[in-house]
Amino acid sequence: CCDGTDSPFYDGCREDTAHAWTSFPQRYESVGYGFADQLIGTAILLGGISAIIDAKQRRPHPPAGPFTVAASVGALVVAIGMSMGYNAGYPINPARDFGPRVFCWMAGWGDYVFKAGDMWWWVPIVAPLLGGPLGSLTYWSFVEVWLPQDAP
């Protein structure tokens, strides 16, 4: 990757080594496409979590145990990663991307981590913050309001 040099900061492999820490879009991915990708991925995550933890979904069975909930959420994250992760590494959690990006900036990659990918850095922060409520609202609108209510 570095054309014979041992420095991870050599221009020929900056992107490759920074990818180990934070997310960058593929070369073909535009900022708009990446925004939609992260918005939809996070909406699927929060809609899925809403379905997993909704007690009304499990009637008349007892509530799911902590292991079942954790395993279901883990399987959901893996499914999102396998289906949507190739484009940008699925940074569907803003904390998963911004902290490591600041680390890379401080560790020597410099402004590259904020300028790469057509100023991509803001997409993994803003898109999940909008996609999360969108997914929860979608679940509430299309599923939860139609489930039977508890009798008083």
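Source: prediction; values computed, not measured.

**Section: the overall build of the chain**
Piece 1. Each helix and strand counted, the chain has 6 helices and 0 strands in total.
Piece 2. Taken from the N to the C terminus, the helices and strands of the chain come in the order α-α-α-α-α-α.
Piece 3. Across the chain, contacts joining residues at least 24 apart in sequence account for 76% of those joining residues at least 6 apart.
Piece 4. Total accessible area on the chain stands at roughly 9,000 Å², and carbon and sulfur atoms take up 68% of it.

**What to know about the packing of aromatic side chains**
Piece 1. Tallying each qualifying case throughout the model produces 5 aromatic pairs.
Piece 2. Taking 5.7 Å as the distance between ring centres and 40 degrees as the angle between the ring planes, the aromatic pair formed by F35 and W122 counts as tilted. Residue F35 is located in helix α2 (residues 31–53), and its partner W122 is located in the loop between α5 (112–119) and α6 (123–142); the two are separated by 87 residues in the primary sequence.
Piece 3. Residue classification places F35 among the partly exposed positions, given a relative accessible area of 21%.

**Remarks on the confidence of the model for the chain**
Piece 1. Scored by pLDDT, the chain comes out at a mean of 83, with 84% of its residues at no less than 70.
Piece 2. Per-element confidence in the chain ranges from a low mean pLDDT of 69 for helix α1 (residues 14–18) to a high of 95 for α6.
Piece 3. Note on residues 1–10: pLDDT is under 50 here. Beyond four places in sequence and across chains, it has 17 contacts.

**Focus: the packing of helix α4 (residues 94–109) against α6**
Piece 1. Here α4 crosses α6 at 165 degrees, and the two axes come no closer than 8 Å. If you check the angle between α4 and α6, you find them roughly antiparallel. Of the two elements, α4 crosses α6, and the hand of that crossing is left-handed. Counted together, P94, D97, F98 and R101 of α4 and P124, I125, P128 and L129 of α6 form the full contact between these two elements.
Piece 2. For the contact of α4 with α6, a count of residues per class yields 6 nonpolar, no polar and 2 charged.

**What to know about unusual backbone geometry**
Piece 1. In this structure, D118 is a non-glycine residue whose phi angle is positive, near 60 degrees.
Piece 2. If you trace the backbone, D118 turns up in helix α5.
Piece 3. Phi angles above zero are rare outside glycine, and M119 is one such case at about 65 degrees.
Piece 4. Here M119 lies in helix α5.

**Things to note about the side chain of E29**
Piece 1. Tracing the backbone through its elements, the reader meets E29 in the loop between α1 and α2.
Piece 2. For the buried E29, which has no salt bridge, the nearest side chain bearing the opposite charge is R101, at an N-O separation of 11 Å.
Piece 3. If we ignore the near neighbours within four places in the chain, the residues touching E29 are G34, D37, N87, A88 and W120.

**Digging into the pattern of salt bridges**
Piece 1. One pass over the full model with this rule turns up 1 salt bridge.
Piece 2. Among the ionic pairs, R101 bridges to D97, the shortest N-O distance being 3.0 Å. One end of the pair is R101 and the other is D97, both in helix α4 and 4 residues apart, which spans about a single turn.
Piece 3. Classification of R101 as buried rests on a relative accessible area of 0%.
Piece 4. The exposure class assigned to D97 is buried, which follows from its relative accessible area of 0%.

Rules and cut-offs
Residues numbered from 1 in each chain as written. Predicted model: local features only at pLDDT ≥ 70, side-chain atom pairs only at ≥ 80, totals over all residues. Heavy atoms only, no water. Helix = DSSP H or I, 4+ residues; strand = E, 2+ residues; numbered from the N terminus. Contact = heavy atoms within 4.5 Å. Areas by Shrake-Rupley, 256 points an atom, 1.4 Å probe, with all protein chains shown as cover. Phe/Tyr/Trp six-rings, centres within 6.5 Å; stacked < 30°, edge-to-face > 60°. Buried < 20%, exposed > 50% of the residue type's maximum accessible area, 1.4 Å probe, protein only. pLDDT = per-residue confidence, 0-100. Axes fitted to C-alpha atoms, helices over the stretch in contact; angles between N-to-C directions. Parallel < 35°, antiparallel > 145°, perpendicular 65-115°, else oblique. Left-handed = near helix turned anticlockwise from the far one by under 90°. Nonpolar A, V, L, I, M, F, W, Y, C, P; charged D, E, K, R; others polar. Lys, Arg positive; Asp, Glu negative; His and termini not counted. Salt bridge = Lys/Arg side-chain N within 4 Å of Asp/Glu carboxyl O.

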